[in-house]
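Observations on chain architecture
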Amino acid sequence: MTRTASPGGSRPRKSRAQPPRPPTVGFVSLGCPKALVDSERILTQLRAEGYGISGSYQDSDLVVVNTCGFIDDAVAESLDAIGEALAENGKVIVTGCLGARTTSGGASMVAQVHPKVLAVTGPHATAEVMGQIHQHLPKPHDPFVDLVPEAGVKLTPRHYAYLKISEGCNHRCSFCIIPSMRGDLVSRPIGEVVREAEALVRAGVRELLVISQDTSAYGVDLRYAEGMVRGRPVRTRMAELVQELAQLGVWVRLHYVYPYPHVDEILPLMAEGKVLPYLDVPFQHSHPRILKLMKRPASGERNIERIQAWRRICPDLTIRSTFIAGFPGETEDEFRHLLDFLQEAQLDRVGCFAYSPVEGATANALPGALAHALREERRARFMEVQARISAKRLQRFVGRTMRVLVDGFEETDDGLLAVGRTSMDAPEIDGVVRFTGSGRLGAGQLVEVAITGSDEHDLRGELRG
Ligand code: SF4
């Protein structure tokens, strides 16, 4: 969960030669990378229309809060952020997942808690949000408004960017309310996605993080129709998209990939070094009965075989996954099945949530809800097992030299260290490499680092050459 200060908060200088201060919007961005991309689109449109953007409530004429509504903690954080914006500024428009949530009586949950908000929209609603902003803070008239970067306004550091390829989801996992908030899968045309990726690379991006709710399903809604990419017809399909992105000469990292059979097609590209050997596959559980109760797509007992086959093709493949411990009705045996799966799968990067009921999710009606303490205890046991696996897997890199993308620097007791990531690490969610020899580096640089140590999550090293 991130609360991101908006970029580019340029304050008008007090010079007579300066044009008048433009109407200025403050922005609070919460939630997952998909919400972040929605924020970036709204910010891009605001800049394109000549609005000022400020990171301070006091300098803003109106504040947009992009919310998250996925779990109860996120709902509470979003409602707090709205309350803070109302108290500090007073003019607030709410967008994002929480905006789509309603009370049992069908009223907007946000409007019920905060009746003074000016407007509430759901996620993925740039046009609606802009319409509301126009109504409450009219558009500036300025002939010099088209000075927006080609790649749009980004909330991520300059050297990496999220690339959203579709919105919504055709599945109906029983613990999830995303389809009811974001609707069924809608894929972006492949030509548009590749053009955006090219613009990002021209703007200095060195790593593209492909995101969606279900990346492997890209194009299903369009029946894999052909689109035009660099003057050639290309099918709107994950493997074809990855082939195109692989030609851009930057890191390409795939998130939210379900283990459908056609995922096997991209493993050779990973083995050849064309895209990062990294797959973020949300397995959620291993036991067939629990997977069935969860209504998971591509669930199955064959996941271990699939992982082994992937590793045969691409031995350096990093697999990241997330799991839920303590799902309603989960028995001790079924939980142990999950621990055994973990031991056998030897996944590299793993997150685990203790099951938490989300209002509106069908799993809430399942019998056998577990006590909060038991759910937490299972999560802790799970993470203990994974910590040992993770530490062991990272040890094998000590003594090797790895390619590292520099993210920034950290002042430590040992002096200034550079902090970067290998192909194994997605920003914010995975580990990092801390290394000496940082003096001549800048963020976004790719360097070779000799790995000298490891722990459960991170590596240490020395800059080579
Ligand atoms: S695949 Fe399942 S968990 Fe993921 S967005 Fe779709 S319904 Fe939700």
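Procedures and definitions
- Residues numbered from 1 in each chain as written.
- Predicted model: local features only at pLDDT ≥ 70, side-chain atom pairs only at ≥ 80, totals over all residues.
- Heavy atoms only, no water.
- Helix = DSSP H or I, 4+ residues; strand = E, 2+ residues; numbered from the N terminus.
- Rg over C-alpha atoms; globule rule 2.2 N^0.38 Å.
- Buried < 20%, exposed > 50% of the residue type's maximum accessible area, 1.4 Å probe, protein only.
- Pairing = 2+ DSSP bridges.
- pLDDT = per-residue confidence, 0-100.
- Contact = heavy atoms within 4.5 Å.
- Near = heavy atom within 4 Å.
- Nonpolar A, V, L, I, M, F, W, Y, C, P; charged D, E, K, R; others polar.
- Axes fitted to C-alpha atoms, helices over the stretch in contact; angles between N-to-C directions.
- Phe/Tyr/Trp six-rings, centres within 6.5 Å; stacked < 30°, edge-to-face > 60°.

**Focus on the overall build of the chain**
Scanning the chain from terminus to terminus reveals 12 helices and 21 strands. Against the compact-globule benchmark of 23 Å for 465 residues, the chain has a radius of gyration of 23 Å, which places it among compact chains. When its C-alpha atoms are laid out on the principal axes, the chain stretches across 65 × 60 × 55 Å. Counting all 465 residues of the chain, 55% fall into the buried class.

**Some points on the pairing of strand β12 (residues 232-235)**
In terms of strand pairing, strand β11 (residues 226-229) meets β12 through four bridges, oriented antiparallel. Across the sheet, Met228 pairs through a bridge with Pro233, a residue of β12. Where β11 folds back onto β12 in an antiparallel hairpin, the turn is made up of two residues, including Arg230, whose phi is positive at roughly 45°.

**Observations regarding the confidence of the model for the chain**
Overall, the prediction assigns the chain a mean pLDDT of 88, with 93% of residues at 70 or greater. Model confidence for the chain, summarised as mean pLDDT per element, is weakest for strand β1 (residues 4-5) at 38 and strongest for strand β13 (residues 251-254) at 97. Per-residue pLDDT stays below 50 along residues 1-16; that stretch engages in 39 contacts with residues further than four places along the chain or on separate chains.

**Observations concerning the site of the ligand**
Surrounding the ligand, one finds Cys169, His171, Cys173, Phe175, Cys176, Ile178, Pro179, Gln213, Tyr258 and Arg296. Of the residues contributing to the shell around the ligand, the split by class is seven nonpolar, two polar and one charged.

**Quick look at the sheet that holds strand β17 (residues 401-412)**
Strand order in this closed barrel of five strands is β17-β18-β19-β21-β20, and the pairing throughout is mixed. The sheet shows a mean angle of 50° between the axes of neighbouring strands, taken without regard to direction. Pairing analysis gives seven bridges linking β17 to strand β18 (residues 415-421), with the strands arranged antiparallel. The residue of β18 that forms the bridge with Phe409 is Ala418.

**Overview of the packing of aromatic side chains**
In this structure the tally under the stated criterion is seven aromatic pairs. Measuring from centroid to centroid gives 5.2 Å for Phe327 and Tyr355, while their planes differ by 75°, and the two rings are edge-to-face. With Phe327 in the loop between β15 (318-325) and α11 (332-345) and Tyr355 in the loop between β16 (349-354) and α12 (372-395), this residue pair connects regions lying 28 residues apart in the sequence. On the basis of relative accessibility, which here comes to 0%, the residue Phe327 falls in the buried class. With a relative accessible area of 7%, Tyr355 lands in the buried category.

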